[in-house]
Amino acid sequence: MDWIFALLLGYALGSVPFGLLITRVAGAGDLRSIGSGNIGATNVLRTGRKGLAAATLLLDLLKGLAAVLIASRFLPEWTWLAALGAFVGHCFPVGLGFKGGKGVATTAGIAFGLAWPVGLAYAVTWIGLLLSVRISSVAGMTAAVVAPIAALLLGRHDAAGVLAIIALLVLFQHRENLARLRAGTEPRVGSGKKP
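Only a predicted model underlies this, so the values are computations on that prediction, with no experimental measurement involved.

**Things to note about the side chain of Thr 125**
By the element assignment, Thr 125 lies in helix 7 (residues 116-132). Other than its neighbours up to four places away in sequence, Thr 125 contacts Thr 142, Ala 143 and Val 146.

Dropping the structure here:
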């Protein structure tokens, strides 16, 4: 039964829609009617409120981190399942009709929780590409792919397995972005374009 508790713990934490809650409280409207309609930090940024986007990013990261740390303390054998649950909860929250975010910030928290050097590799890749190419999807997808590779190089095979699964899910979540990248129509951060 422990595996069920780990999965539910991760899912419950991951499904808290911080982006939606923060924008509503701040009077920025329903995030689902803005830009891509996703509940993550990138879409919050499209409200023009950088502070709200930063808060969303941090909180989405923290819920992934919290799921891993709590599970590692009480259900260590199933930490990986709590991590996966947090990601799935963010992307497919039951309270929002299974329409959530793409999981990039939550994956960062998961990576830091599983092994901080892996989280650091994730963050450096993500932020570095975001600042250089200024395409959020490219930065997020690349960081997600780098994470399991970094875990393997560091000998953290336990973390590498779940991070590889999450990386595949991140790519799936970005399938529309991948199509726009192939078409050369993917917007850059700050362009004000949808999505």
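Back to the text.
**Here we look at the packing of aromatic side chains**
What the rule picks out here adds up to two aromatic pairs. Ring centres of Trp 78 and Trp 80 lie 6.4 Å apart, and the angle between their planes is 45°; on these two criteria the pair is classed as tilted. Trp 78 sits in the partly exposed class, given a relative accessible area of 23%. Centroid distance Tyr 122 to Trp 126: 5.8 Å. Interplanar angle 75°. Geometry classified as edge-to-face. Placement of the pair is Tyr 122 and Trp 126 together in helix 7, with a separation of four residues, close to one helical turn. For Tyr 122, a relative accessible area of 0% corresponds to the buried category. Take Trp 126: its relative accessible area is 11%, and that puts it in the buried class. Just above the ring of Phe 74 sits the side chain of Arg 73; from NZ or CZ to the centre is 5.1 Å. If you follow Arg 175 out to its NZ or CZ, it ends over the ring of Phe 172, 4.0 Å from the centre.

**Re the nonpolar core**
Ranked by size, the top nonpolar core spans 31 residues in total, and within it Ile 110, Tyr 122, Trp 126 and Leu 163 carry the most contacts. Those elements that provide at least two residues to this core are helix 4 (50-74), helix 5 (79-91), helix 6 (104-114), helix 7, helix 8 (136-153) and helix 9 (157-173). When residues in this core are grouped by element, the largest group, seven residues, is from helix 9. Beyond its immediate sequence surroundings of up to four residues, Trp 126 is in contact with Leu 57, Val 104, Ala 105, Ala 108, Ala 139, Gly 140 and Ala 143.

**Observations concerning the pattern of salt bridges**
Counted under the stated rule, the structure contains five salt bridges. With a shortest N-O distance of 3.1 Å, Asp 30 and Arg 32 are connected by a salt bridge. You can call Arg 32 partly exposed: its relative accessible area is 37%. We note a salt bridge from Lys 63 to Asp 60, for which the minimum N-O separation is 3.3 Å. Here Asp 60 and Lys 63 lie together in helix 4, a separation of three residues that amounts to about one turn. On the accessibility criterion, Lys 63 (4% relative accessible area) is buried. Each of Arg 24, Asp 30 and Arg 32 takes part in salt bridges that share partners, so that together they form one network.

Parameters at a glance
- Residues numbered from 1 in each chain as written.
- Predicted model: local features only at pLDDT ≥ 70, side-chain atom pairs only at ≥ 80, totals over all residues.
- Heavy atoms only, no water.
- Helix = DSSP H or I, 4+ residues; strand = E, 2+ residues; numbered from the N terminus.
- Contact = heavy atoms within 4.5 Å.
- Phe/Tyr/Trp six-rings, centres within 6.5 Å; stacked < 30°, edge-to-face > 60°.
- Buried < 20%, exposed > 50% of the residue type's maximum accessible area, 1.4 Å probe, protein only.
- Lys NZ or Arg CZ within 6 Å of the ring centre and 35° of its normal.
- Core = buried A, V, L, I, M, F, W, Y, C linked by side-chain atoms within 4.5 Å.
- Salt bridge = Lys/Arg side-chain N within 4 Å of Asp/Glu carboxyl O.

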